[in-house]
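Spelled out, the chains give:
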Amino acid sequence: MPDSPEHPRPEPAPPHRPTPPDPADSGGANFPGGTEYPIGDRAPGGYHYAEPPPPPPEPAPVDDPDPAPVAAERFRRDTPARRKAIPPMRGRGHWRLGISTALFVMAAAGAADYIEVGTRAVWHVLFWGLLAGAALTEVYRERRNGWEPAARWPWPAAAVIGTIGAEVLVALLDSPAVIAGSAVVMGIGLVLVMLFG
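These figures come from a predicted structure and were not determined experimentally. (Residues numbered from 1 in each chain as written. Predicted model: local features only at pLDDT ≥ 70, side-chain atom pairs only at ≥ 80, totals over all residues. Heavy atoms only, no water.)

Colleague: When you look at the overall build of the protein in this model, what are you seeing that I'm missing?
Modeller: Scanning the protein for helices and strands turns up six helices and zero strands. Going from the N terminus to the C terminus, the protein shows its helices and strands as α-α-α-α-α-α. For the protein, buried positions account for 16% of its 197 residues. A sequence separation of at least 24 residues applies to 58% of the contacts in the protein between residues at least 6 apart. Only carbon and sulfur atoms are counted for the fraction: they give 65% of the accessible area of the protein, which is about 17000 Å². (Helix = DSSP H or I, 4+ residues; strand = E, 2+ residues; numbered from the N terminus. Buried < 20%, exposed > 50% of the residue type's maximum accessible area, 1.4 Å probe, protein only. Contact = heavy atoms within 4.5 Å. Areas by Shrake-Rupley, 256 points an atom, 1.4 Å probe, with all protein chains shown as cover.)

Colleague: I'm lost on the pattern of salt bridges in this one. Help?
Modeller: Opposite charge on two side chains allows them to pair when their charged atoms are near. What the rule picks out here adds up to two salt bridges. The closest approach of N and O atoms between Arg 120 and Glu 167, which form a salt bridge, is 3.2 Å. Taken together, the positions of Arg 120 in helix α4 (residues 117–145) and Glu 167 in helix α5 (residues 154–172) put the pair 47 residues apart, joining distant regions of the chain. Owing to a relative accessible area of 9%, Arg 120 belongs among the buried residues under this scheme. Relative accessible area serves as the criterion here: at 32%, Glu 167 is assigned to the partly exposed category. A salt bridge links Glu 142 to Arg 152; the nearest nitrogen and oxygen atoms lie 3.0 Å apart. Of this pair, Glu 142 sits in helix α4 while Arg 152 is found in the loop between α4 and α5, placing the two residues 10 residues apart along the sequence. (Salt bridge = Lys/Arg side-chain N within 4 Å of Asp/Glu carboxyl O.)

Colleague: Honestly, the packing of aromatic side chains in this entry has me stumped. Any pointers?
Modeller: Given two aromatic rings, one states the distance between the centres and the angle between the planes to describe the pair. For the structure on display, the rule yields one aromatic pair. Centre to centre, the rings of Phe 104 and Phe 127 are 4.1 Å apart; their planes meet at 0°, and the pair counts as stacked. Note that Phe 104 is positioned in helix α3 (residues 95–110) and Phe 127 in helix α4, a separation of 23 residues in sequence. Comparing Phe 104 with Phe 127 shows no difference in burial state: the two are buried. (Phe/Tyr/Trp six-rings, centres within 6.5 Å; stacked < 30°, edge-to-face > 60°.)

Colleague: What should I look at first to understand the side chain of Thr 101 in this one?
Modeller: Its place among the elements puts Thr 101 in helix α3. Judged by relative accessible area, which is 9%, Thr 101 ranks as buried. Excluding residues that lie within four positions of it along the chain, Thr 101 makes contacts with Phe 127, Ala 158 and Gly 162.

Colleague: Is there a simple way to think about the nonpolar core in this case?
Modeller: Generally speaking, soluble globular proteins have nonpolar side chains that are buried together. The biggest cluster of nonpolar side chains holds 11 residues, and these are Leu 97, Phe 104, Val 105, Ala 108, Phe 127, Leu 131, Ala 135, Trp 155, Ala 158, Ala 159 and Ala 166. Sorting the residues of this core by element identifies α3, α4 and α5 as the ones contributing at least two each. (Core = buried A, V, L, I, M, F, W, Y, C linked by side-chain atoms within 4.5 Å.)

Colleague: What am I meant to see in the side chain of Glu 142 here?
Modeller: For Glu 142, a relative accessible area of 4% corresponds to the buried category. Ignoring any residue separated from it by four or fewer positions in sequence, one finds Glu 142 in contact with Arg 90, Trp 147, Glu 148, Pro 149, Ala 150 and Arg 152.

Colleague: Would you take a moment to explain α3 for this structure?
Modeller: Three or four residues apart is the spacing at which side chains of an α-helix point the same way, because the helix has 3.6 residues per turn. Taking 1.5 Å per residue, 16 residues should reach 22 Å; α3 reaches 22 Å between its end C-alpha atoms and fits that length. For α3, every residue scored as buried is listed here: Leu 97, Thr 101, Phe 104, Val 105, Met 106, Ala 108, Ala 109 and Gly 110. Those residues of α3 that are buried are in contact with α4, α5 and α6 (175–196). (Expected span 1.5 Å × (residues − 1).)

Colleague: Is there a simple way to explain α6 in this structure?
Modeller: End to end, α6 covers 31 Å across 22 residues, agreeing with the expected 32 Å (1.5 Å per residue, within 8%). Residues Ser 175, Val 178 and Ser 182 constitute the buried set of α6. End-on view of α6: buried residues confined to an arc of 50°, all on one side of the axis. Residues of α6 that are exposed and point more than 90 degrees away from the buried face comprise Val 184, Met 194 and Leu 195. Looking at the packing, one finds that the buried side of α6 touches α3 and α5. (Arc of directions from axis to C-beta.)

See below:
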């Protein structure tokens, strides 16, 4: 189309040259570390650098609750229990009396060759006195505890049997034989006690 003064041809626009970005407008060229945007700030497009983790919160002081009660304290009585006296039990039989009599016979007959006759007589008197004291103690316990009276004959019988048995052994055997026999009898008695006692 020919140019006309009324319709001149438009001149072509000069080519667009991109201008370099201004460091003041870039928003981050002057930050340390060469980062374009400061750490933590949001960058264009929704991207942002990782923020440093916050310090852990300090634990709040918790008051220690009351300690749990011990099992023994939970079941402890508030009121003291009534004291009940245990009644004394009465011994069965006269085995102490029999053992004491046998030991006296062994001792008196085994020492007959080494002591005077008068000394042996004093031993008999002491033996009778011990039996009398034991009998009186038994009677006192019966009255104090309200027990039924037991037989009294074992005490004098033990005194008579002990005296006669010791003198018979002195007349028939010498002291070494009595001592050896006494050791055998005591050994047998100890075995029986360990088996059935």
